Amino acid sequence: MSEPQKKFKLTHELRIVVASLLSLVVILLWAKYFGPKPPTNLPQSSRPAQTAPAPTSPGTAPRAATPSTNTPGSAKGNATSMSGVVQVAILPKADTEERTIVVENDLYRVEFSNHGAVVKSWQLKKYTDDAKPRRVLDLVHPDAAQQTGGWPMALALDDGQLETAANNGLYQISSTAQTLHAPADAEFNWSDGHLEVSKRFHFDNSYVVRVETSVRVNGGPITAGVAWLGGFGDLTVLNPAPIDTVSSFYSENGKLTTIAAKKLDSPEKWPHGVWQSGKDFAGIQDRYFTAAFLPSNGNVPGMLETRYWKIPRTVQVEGKDVDDPVPQIATATSAQPTAMRIYVGPKDYDELKKIRPPLNALVNFGWFEFISDPLFHALKWLHTYIPNWGWSIVVLTLIINMLLFPLKYTGYKTSLKMQRVAPEIKQIQEKYKKYSMRDPRKAEMNKEVMAVYSREGINPVGGCIPQLLQMPIWFGLYRALQGTIEMRHAPWFGWIRDLSAKDPYYILPVLMGLSMYLASKMTPMTATDPQQQAMMKFMPLTMSAMFVVIPYPSGLAVYILTSGLVGVAQQWWLNRRHPLPAPTSQTQNKKGKNGKNKKQ
C-alpha cells in the first residue's frame, strides 16, 4: 500500500488570517461591482399617474394643462374672447436680437442668453476639469443641450406649446451692462401678448442663487417649474464614464433617494402636467458637484414639486456608438409665482451641512460612514496645519498606527507563544491527520489544540486583531478619499497629482506590496508547513494586484504604504526588544518521548 497523499492543513490562526483577507477582497470587489445601486424606479406609492385628471396617489399631482385653444398669439391684446370671458390686455414684450449677459464673482462665472433666458455656461472658478491641459470646470454640456434643445434655467410648463414659446422667446434684459459682478440681479422679461414670463436671479457671494419666476396666461398665473436641462457635471472624467457618475436625487420626509441617469424614465412617462409633490429638496449631481433646488424659506419640508426624466442619445466613442442619455430635472413650488433657491457648486461636506435644509447627505460615505466621517474630519483638521493632503494622510497614518501599537504588541507576544508551541501543535495534527473532517474523533484534535493554547495562555485570534482593525479603516478611508471634493485633483508630490485617482504608473502599489512583504518576513511565523508559509508571503502580492486591477485612489495606497513602513519599523523594534524565546521544557520533554517511542 502506498503512503496516503499528504493533505494540506490550515492552522486555526492561518484560517483566520486567510478568511480576514478574503473578506476584505470580497468587500472591496462587492462595493465596486455589486454595491447597492440607486433605485431604478420611483416608489410605487409616489409614482405619477399618466392618465386621469386627478392624482392617483398623495405624492403625485397631475395638473390640468392649459387648453390647446390658448395658443400663443391667439388673443393678443383682445379685451374679450369669443366666449365672452374677460381677458387682460397684455402688450407684447421682446428683444430684437439675441444677447448675452455674464454674472460673476470669485466663485463662478455664469453666462445667460436672452434667447429663452437660459444659462449657456456655469463655470466654477476654483475647480478644473480632467482635460489635458486642465480648463476651468463648466457644469453645462453645450453639445447635449444643443442636441436636446434644453438648457439650464429653462421653464417647465404644463402645456407643451406654451413651454416651447417661453423657452424660445427673446427676452428683454433689465441691465444694459454685459457683465455684472455679484451681488447683483439679472432680470428677464418677455411676452407675446398672451403668454407673459418674468425671471429674476439674485446672485450674492455664495454658491446659492435665488430664483423668482412668474408665468401668466391671459393675466392668470400658471404652474411654472425651473429646470436643469441638457446634462450636468464634468464631461472630461475617464473612469468611470461621465454618465455613470450622474444621478438625480430628491429628499422626502428627510430620506434621500438617488436615481442613476441611466435608470431615469423616458419623457413619455413624465408627460406635461405631472409633478411629484412633497419634496424637501431635489436636484442633479455627479461625484463631486451638484445643482440642488431648495425652498426659498429655509428648512420647510415638502414645499417642492419635481419631474425628472432622460432623453435618449448616443455618442461616438473611439468609433463606436455608446448610450449617453441626457438627464433632466424640473422643480416647482406649490405656490405661484415660483420662488426658490438653487445651490450650484461643489459637494463640500461642511458647507452643505450649513445649508437649510442640510445637503451633506449628498456626500455618500456608504455603510462605513461611522468610520469615513471621523477619518475625513481628522484629515481636514490636520490639513489646517499641513497644507499638503498627501502628507496629511501620512501623518494620520502615523497617528492611527501609534494608537494601534498596544494591540500589535499584544499580538506579537501571542505570535511568539504560538511559534513556541507550533511543533507541539503539529504533532497533535499529525496524530489525527488520518481521520476525515467528518469523523467525530477530529473534534478530539481541536480539544487537544485548545488545551495547549489554554495551558500557555494563548488567544488564537489575538495576533489577528490589529489586521482586523485595519480593514474597516482601509475601506472607510477609501470612501472618504473617493467621494470628497477636497481630494479631487489634490497632489502629493512627484507623479501623484490627484490623490482621488489611481497611481498612473502603479509605483505606489508595488512599494506597498514590498513593504507588506517585508513586514510579514519579520513577523514570527506561527505556521510550520512550507506551503502555508508560502501562502502567507503571497498575500502582499494579492493586495498589490488589486490596486492594479481596480482603480483605487492613490491616497489609499499612500496610507497602506505608510502603514506598511511603520509596521516594518515597529516589527524591527519588537524583534530586538523581545527575541524569540527557547522552547519550553515541557515541549522538549514531549519531543524526547516521541523520539524514544520512534526508536523502540
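So, here is what we can say about the structure in this document. Within every chain, residues take consecutive numbers counted from 1 along the sequence as written. pLDDT decides what is reported in this predicted model: residues at 70 or higher carry local features, side-chain atom pairs at 80 or more are listed and counted, and totals for whole chains, interfaces and linings draw on all residues regardless. Water and hydrogen atoms play no part in the side-chain values, which are based on all heavy atoms of the structure.

Regarding the overall build of the protein
Check the secondary structure of the protein and you find 13 helices and 22 strands. Buried means the residue's accessible area, taken with a 1.4 Å probe over protein chains only, is under 20% of the maximum for its type, while exposed means over 50%, and partly exposed covers the values in between. Within the protein, the fraction of its 600 residues that count as buried is 49%. Any two residues whose heavy atoms approach within 4.5 Å at even a single point are treated as in contact. Partitioning the intrachain contacts of the protein with sequence separation of at least 6 by distance along the chain shows that 68% fall at a separation of at least 24. As presented, the protein carries roughly 29100 Å² of accessible surface, and 58% of it is formed by carbon and sulfur atoms. Elements are defined by DSSP. Helices are runs of H or I of four residues or more, strands are runs of E of two residues or more, and each kind is numbered from the N terminus. To measure how exposed things are, a 1.4 Å probe is used in the Shrake-Rupley method; for residues, cover is taken only from the protein chains shown.

Considerations on the packing of aromatic side chains
Pairs were defined over the aromatic rings of Phe, Tyr and Trp, the Trp ring being its six-membered one, requiring ring centres within 6.5 Å. Orientation was assigned from the angle between planes: stacked under 30 degrees, edge-to-face over 60, tilted for the rest. Scanning the entire structure with this criterion turns up 30 aromatic pairs. Judged by centre distance (4.4 Å) and plane angle (70°), the rings of Trp492 and Phe493 are edge-to-face. Relative accessible area serves as the criterion here: at 36%, Phe493 is assigned to the partly exposed category. Members of the aromatic cluster, connected to one another through ring pairs, are Tyr108, Phe112, Trp122, Phe188, Phe201, Phe203, Trp228 and Phe232. Placement of a positive charge over a ring is assigned whenever Lys NZ or Arg CZ falls within 6 Å of the ring centre and within 35 degrees of the normal to the ring plane. One cation-aromatic arrangement involves Lys199 over Tyr171; the distance from NZ or CZ to the ring centre is 5.9 Å.

Description of the environment of Pro540
In this fold, Pro540 is placed in helix 11 (residues 530–549). Judged by its relative accessible area of 6%, Pro540 is buried. Between the C-alpha atoms of Pro540 and Leu518, which are 22 residues apart in sequence, the distance is 9.3 Å. Once residues lying within four places of it in the same chain are set aside, the contact partners of Pro540 are Gly513, Met516, Tyr517 and Ser520.

Comments concerning the side chain of Ser544
The topology assignment puts Ser544 in helix 11. The definition of a polar contact used here is a pair of N or O atoms within 3.5 Å, where within protein one atom must be able to donate a hydrogen and the other to accept one, and adjacent residues in sequence count solely through side-chain atom pairs. Here the side chain of Ser544 touches Pro509 through a polar contact of 2.8 Å, landing on its backbone oxygen. A distance of 3.2 Å separates a polar atom in the side chain of Ser544 from the backbone nitrogen of Gly513. Discounting residues that sit within four places of it in the chain, Ser544 has contacts with Pro509, Met512 and Gly513.

Thoughts on the side chain of Ser198
Here Ser198 shows up in strand 9 (residues 195–203). Among the polar contacts listed, one links the side chain of Ser198 to the side chain of Asn189, at a separation of 3.1 Å. Contacts of Ser198, omitting those with residues within four sequence positions, involve Glu187, Phe188, Asn189, Glu212, Thr213 and Ser214.

Digging into the packing of helix 6 (residues 369–383) against helix 9 (residues 465–483)
Relative orientation of the contacting elements helix 6 and helix 9 amounts to 65°, with a least axis distance of 8 Å. It follows from the interaxial angle that helix 6 and helix 9 lie roughly perpendicular. For the element pair helix 6 and helix 9, the recorded crossing hand is right-handed. Contact with helix 6, carried on its side by Ile371, Ser372, Leu375, Phe376 and Leu379, involves Pro472, Ile473, Gly476, Leu477, Arg479, Ala480 and Leu481 of helix 9 and no other residues of that element. When the residues that make up the contact of helix 6 with helix 9 are grouped by side-chain class, the tally is 9 nonpolar, 2 polar and 1 charged. Here, axes are lines fitted to C-alpha atoms. For helices the fit covers the stretch in contact, and angles between N-to-C directions go from 0 to 180 degrees. Oblique is the label for every angle not falling under 35 degrees (roughly parallel), over 145 degrees (roughly antiparallel), or within 65 to 115 degrees (roughly perpendicular). Put simply, a crossing is left-handed when the front helix is turned counterclockwise from the back one by less than a right angle, and right-handed when it is turned clockwise. Classes in brief: Ala, Val, Leu, Ile, Met, Phe, Trp, Tyr, Cys and Pro nonpolar; Asp, Glu, Lys and Arg charged; the others, Gly included, polar.

Focus on the environment of Ala227
Mapped onto the secondary structure, Ala227 falls in strand 12 (residues 224–228). In the structure, Ala227 is positioned 105 residues away from Ala332 in sequence and 8.7 Å away in space, judged by C-alpha atoms. Those residues in contact with Ala227 that sit more than four places away from it in its chain are Trp151, Pro152, Met153, Ala154, Phe293, Ile329 and Ala330.

Regarding the pattern of salt bridges
We count a salt bridge whenever a side-chain nitrogen from Lys or Arg sits within 4 Å of a carboxyl oxygen from Asp or Glu. Within this structure, the stated rule accounts for 21 salt bridges. For Arg200, the salt bridge identified is with Asp185, shortest N-O distance 2.7 Å. With a gap of 15 residues between them, Arg200 in strand 9 and Asp185 in strand 8 (residues 184–191) connect regions that are remote in the sequence. Taking relative accessible area as the criterion, Arg200 reaches 29% and is therefore assigned partly exposed. Between Lys380 and Glu486 there is a salt bridge, with its nearest N and O atoms 3.6 Å apart. One end of the pair, Lys380, is in helix 6; the other, Glu486, is in the loop between helix 9 and helix 10 (507–522), and 106 residues separate them in sequence. Through salt bridges with shared partners, a single network forms among Arg420, Glu424, Arg455 and Glu456.

Observations regarding helix 12 (residues 554–577)
In this model, helix 12 (24 residues) spans 34 Å end to end at C-alpha, consistent with the 34 Å of a helix rising 1.5 Å per residue. Most of helix 12 is tucked away: 17 of the 24 residues are buried. One less than the number of residues in a helix, times 1.5 Å, gives the span that helix is expected to have.

Looking at the environment of Asn167
With respect to the secondary-structure elements, Asn167 resides in the loop between helix 3 (160–166) and strand 6 (172–173). For Asn167, a relative accessible area of 17% gives the class buried. In the structure, Asn167 is positioned 50 residues away from Ala117 in sequence and 7.4 Å away in space, judged by C-alpha atoms. The contacts of Asn167, once residues within four sequence positions are left out, are His115, Gly116, Ala154 and Leu155. A distance of 2.9 Å separates the side chain of Asn167 from the backbone nitrogen of Leu155, its partner in a polar contact.

A word on the nonpolar core
Of all hydrophobic cores here, the largest spans 88 residues; its most connected members are Trp122, Phe203 and Trp228. What makes a nonpolar core is a set of buried Ala, Val, Leu, Ile, Met, Phe, Trp, Tyr and Cys residues whose side-chain atoms join them at distances within 4.5 Å. By size, the runner-up hydrophobic cluster in this structure holds 36 residues, among which are Ile400, Phe547, Tyr552 and Ile560.

Some thoughts on the pairing of strand 9
A pair of strands is treated as paired once DSSP finds two or more bridges between them. Bridge count between strand 8 and strand 9: 8 bridges; the pairing is antiparallel. Bridging from a neighbouring strand, Phe188 pairs with Lys199 of strand 9. Counted along the chain from strand 8 to the antiparallel partner strand 9, the turn is 3 residues long, and its residue Gly193 has a positive phi close to 95°. In this antiparallel pair of consecutive strands, strand 9 and strand 10 (residues 208–217), the connection spans 4 residues.

Section: the sheet that holds strand 7 (residues 179–181)
Taken in spatial order, the 5 strands line up as 4-3-2-1-7 in an open sheet, and their pairing is mixed. Among the strands making up the open sheet, the edge pair consists of strand 4 (136–138) and strand 7. The sheet shows a mean angle of 20° between the axes of neighbouring strands, taken without regard to direction.

Section: helix 7 (residues 389–432)
Taking 1.5 Å of rise per residue, the 44 residues of helix 7 would be expected to cover 64 Å, yet its terminal C-alpha atoms sit only 55 Å apart, more than 12% below that figure. The opening residue of helix 7 is Asn388, an N-cap whose side-chain oxygen sits 2.7 Å from the backbone nitrogen of Gly390.

What to know about the packing of helix 7 against helix 9
Orientation of helix 7 relative to helix 9, taken along the N-to-C sense of each, is 160°, at an axis distance of 10 Å. As the angle between them shows, helix 7 and helix 9 are arranged roughly antiparallel. Of the two elements, helix 7 crosses helix 9, and the hand of that crossing is right-handed. Facing Ile393, Ile400, Asn401, Leu404, Leu407 and Lys408 of helix 7, the residues of helix 9 in contact are Ile465, Pro466, Leu469, Gln470, Ile473 and Leu481.

Concerning the pairing of strand 10
The sheet contact formed by strand 9 and strand 10 spans 9 bridges and is antiparallel. Residue pairing across strands places Val197 opposite Val215, the latter belonging to strand 10. Bridge count for strand 10 against strand 22 (residues 338–346) is 6 bridges, and the pairing is antiparallel. Directly across from Val211, in strand 22, lies its bridge partner Met340. By the bridge criterion, 2 bridges tie strand 10 to strand 11 (residues 220–221) in an arrangement that is antiparallel. Bridged to Val217 within strand 11 is Gly220. Between strand 10 and strand 11, which pair antiparallel in sequence order, lie 2 residues; one of them, Asn218, sits at a positive phi of approximately 55°.

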